[in-house]
Structures are given as C-alpha cells and as structure tokens.
Amino acid sequence: MEFVLDTADISAIKEYDELLNLAGVTTNPTIITKSGKKPEEVIKELVDYLRLDQKLFIQSVSTDFDGIMEEARYICGLRPENTYVKIPVTREGLKAIKAAKAEGLNVLATAIYSADEAFLAALNGADYLAPYVNRMCNYGDGVGQTIDLINMLAAQGVESKVIAASFKSVEQVHELIAAGIQAVTVQPDVVKQMVDHPGTEIAVDEFTENWNKAYGRKTLR
C-alpha cells in the first residue's frame with residue numbers, strides 16, 4: 001500500500017518524510033493557494049525535494065479540454081518519472097483523461113464523489129482514482145462507496161489504483177486500509193493523530209520513570 005501526504009507545506013513534507021516511508025505528495029489548487037506562495041515556487045520546492053521514486057501529483061486548473069491537456073503535458077514534463085496530472089472527473093475532465101492516457105501521460109482522476117464516476121474514469125485509463133471520502137459523506141457513505149469501488153475494480157479486472165483522499169479522521173483511514181485500499185493521501189493534521197497516540201507517550205514516560213528510580217539514569221548504559 002502507498003501512503004501519500006496531502007499538502008504543499010514543504011516543512012511538513014520534510015518532517016514526515018523523515019518519520020515515514022512516504023510514497024509521494026498530492027496537491028490541489030486550494031492546497032497551493034493556502035500555502036501563501038506563488039504556484040511556481042511551490043511546484044519548484046516539491047520537484048527539488050522529492051526523490052524520483054516518490055510520486056508527485058499536481059492538479060490542472062483549467063476546466064476546458066484544451067486547457068487541461070496543455071497543463072497535463074506541462075505537469076507530466078516536470079520530472080522524468082513518477083509525476084501525475086490530477087484531472088477532475090467532469091465531462092471535459094473525462095475526455096481529457098482518455099486523451100492524456102492515449103498520449104502516455106500519468107493521470108490521477110480526482111474530485112470523485114461516487115464509485116460509479118470513478119469506475120468510468122478507470123475505464124478511460126486513469127492510473128489512480130481519488131474519491132473524496134469525507135466530502136462524499138455529505139451525500140451518503142463515503143467509506144462504503146470507496147470500498148464498493150475497490151471491489152468493483154477487482155471484480156472487473158481493472159488495474160486502476162484507488163488513492164482515497166479528503167480524510168477528517170483516523171478512523172476513516174483505518175477502515176479503508178483494513179478494506180485493502182491500494183493507497184491513501186492524508187493531510188498532515190490527520191497523520192499527526194496517527195503518529196502521536198497519547199497512550200504511547202504515557203507508556204514511554206512510565207518506562208523512563210521506573211528505570212530512573214531503579215538505576216538513577218535514563219539510558220540503558
């Protein structure tokens with residue numbers, strides 16, 4: 001399974017890249033605008049920092065077919081490998097996904113709100129499918145729809161990977177990993193909750209205190 005960080009914050013990327021085996025980074029227009037930096041600066045930071053074996057996902061901003069295709073070629077040309085254009089599954093987007101794959105470009109289908117539209121994007125050749133799990137919960141069962149998608153792809157022998165996005169809780173991530181999802185992209189605040197369980201810190205403090213009382217030091221030797 002691939003664990004991806006959903007952010008444009010280079011400091012957060014460096015922090016969690018030291019702690020975890022990050023498969024890559026996803027961004028979108030909203031994430032980049034919240035960085036307070038120019039998009040060119042953000043993109044350069046990501047390209048310069050990430051290793052070539054780590055995937056980079058950048059979303060197109062244009063909404064018409066020609067604009068999406070122009071941006072898709074630019075994005076996929078930023079690095080020699082493991083760079084993906086994120087294309088929303090609108091009518092123009094589905095058309096662009098099909099065309100981009102015909103050109104051999106790497107594509108993540110995004111802004112997915114149902115298993116059905118995700119499956120259609122998969123049939124158009126999308127390498128990754130990004131259901132917006134928490135946002136989907138406003139229309140029904142986001143986790144359930146994503147599990148349905150996993151099963152639909154497996155049943156039909158479609159090779160597209162599901163990379164679930166838009167998480168608001170550790171439990172949502174947990175349920176999908178347990179269901180066998182191929183990838184998740186998680187915001188730093190949710191990753192922090194996964195990493196920093198308060199019970200672990202309490203246990204370590206107890207170990208240190210007991211050792212210090214017994215031996216007068218806080219080290220093994």
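Residues numbered from 1 in each chain as written. Predicted model: local features only at pLDDT ≥ 70, side-chain atom pairs only at ≥ 80, totals over all residues. Heavy atoms only, no water.

Student: Which parts of the structure should I look at to understand the overall build of the chain?
Tutor: Counting its secondary structure elements, the chain contains eleven helices and eight strands. Expressed as lengths along the three principal axes of its C-alpha atoms, the size of the chain is roughly 70 × 40 × 30 Å. In the chain, buried positions account for 44% of the 221 residues. Of all intrachain contacts in the chain linking residues separated by at least 6 positions in sequence, the fraction that spans at least 24 positions is 55%. As presented, the chain carries roughly 11,700 Å² of accessible surface, and 51% of it is formed by carbon and sulfur atoms. (Helix = DSSP H or I, 4+ residues; strand = E, 2+ residues; numbered from the N terminus. Buried < 20%, exposed > 50% of the residue type's maximum accessible area, 1.4 Å probe, protein only. Contact = heavy atoms within 4.5 Å. Areas by Shrake-Rupley, 256 points an atom, 1.4 Å probe, with all protein chains shown as cover.)

Student: Explanation requested: the environment of Arg79 in the structure shown.
Tutor: Here Arg79 is to be found in the loop between helix H4 (65-76) and strand E4 (83-88). Arg79 sits in the buried class, given a relative accessible area of 5%. Arg79 sits 128 residues away from Phe207 along the chain, and the two C-alpha atoms are 47 Å apart. With sequence-adjacent residues up to four places away left out, Arg79 is seen in contact with Val47, Leu50, Arg51, Leu52, Gln54, Lys55 and Leu56.

Student: Explanation requested: the pattern of salt bridges in the structure shown.
Tutor: Opposite charge on two side chains allows them to pair when their charged atoms are near. Per the stated rule, a full pass over the model turns up ten salt bridges. Of the charged contacts, one joins Lys55 and Glu2 as a salt bridge, the two residues approaching to 3.5 Å between their closest N and O atoms. A residue pair is termed long-range when its members are at least 10 positions apart, and Lys55 in strand E3 (residues 55-59) and Glu2 in strand E1 (residues 2-6) qualify at 53 residues. The exposure class of Glu2 is buried, given its relative accessible area of 12%. Ionic contacts of the salt-bridge type, sharing partners, join the residues Glu2, Lys55 and Lys161 into one network. (Salt bridge = Lys/Arg side-chain N within 4 Å of Asp/Glu carboxyl O.)

Student: In this structure, what is going on with the nonpolar core? I would like to understand it.
Tutor: The nonpolar side chains of a soluble globular protein tend to be buried with one another. Ranked by internal contacts, the top residues of the largest apolar core, which has 55 residues, are Ile97, Ala109, Leu129, Leu153, Phe167, Val184 and Val186. The element contributing the most residues to this core is H4, with six residues. Other than its neighbours up to four places away in sequence, Leu129 contacts Ala109, Ile112, Ala118, Ala121, Ala122, Leu149, Leu153, Ser160, Lys161, Val162 and Ile163. If you look at the next biggest cluster of nonpolar residues, it comprises nine residues, including Val4, Ala23, Tyr84 and Tyr128. (Core = buried A, V, L, I, M, F, W, Y, C linked by side-chain atoms within 4.5 Å.)

Student: How should unusual backbone geometry be read in this particular structure?
Tutor: With the exception of glycine, the majority of residues adopt a negative phi angle, and the majority of peptide bonds are in the trans configuration. Residue Ala111 is not a glycine yet carries a positive backbone phi of 55°. Here Ala111 falls in the partly exposed class, since its relative accessible area comes to 24%. Phi is positive for Ser166, which is not a glycine, with a value near 60°. Along the chain, Ser166 turns up in the loop between strand E7 (161-164) and helix H9 (170-178). Exposure remark for Ser166: the relative accessible area of 12% places this residue in the buried category.

Student: What am I meant to see in the pairing of strand E6 (residues 128-131) here?
Tutor: Residues in a regular strand project their side chains so that they alternate between the two faces of the sheet. Here E6 shows a buried face lined by Tyr128 and Ala130 and a second buried face lined by Leu129 and Pro131. Handedness of the crossover joining strand E5 (residues 107-112) and E6 through helix H6 (residues 115-123): right-handed. Pairing between E6 and E7: two bridges, direction parallel. Considered in E7, the bridge of Tyr128 is made with Lys161. (Right-handed = clockwise from strand over helix to strand, strands pointing away. Pairing = 2+ DSSP bridges.)

Student: Teacher, can you tell me more about the sheet that holds E5 here?
Tutor: The strands making up a sheet associate through backbone hydrogen bonding, with each pair oriented either parallel or antiparallel. Strands sit in the order E1-E2-E3-E4-E5-E6-E7-E8 around a closed barrel of eight strands; the barrel is parallel. Strand-to-strand twist in this sheet, taken as the mean axis angle between neighbours without regard to direction, amounts to 25°. On top of the sheet, helix H5 (residues 91-102) reaches E4 and E5; it is set at about 155° to E4, its chief contact. (Axes fitted to C-alpha atoms, helices over the stretch in contact; angles between N-to-C directions.)

Student: How should I be thinking about helix H11 (residues 198-215) in this particular structure?
Tutor: Every α-helix carries 3.6 residues per turn, so stepping three or four residues along brings you back to the same face. Taking 1.5 Å per residue as the helical rise, H11 with its 18 residues ought to reach 26 Å, and the 26 Å between its terminal C-alpha atoms agrees with that figure. Positive backbone phi, at 70°, marks Gly216, one or two positions downstream of H11. (Expected span 1.5 Å × (residues − 1).)

Student: Would you take a moment to explain the environment of Asn138 for this structure?
Tutor: If you trace the backbone, Asn138 turns up in the loop between helix H7 (133-136) and helix H8 (142-156). The exposure class of Asn138 is exposed, given its relative accessible area of 67%. Distance from Asn138 to Tyr113, taken between C-alpha atoms, is 9.7 Å for residues 25 residues apart in sequence.

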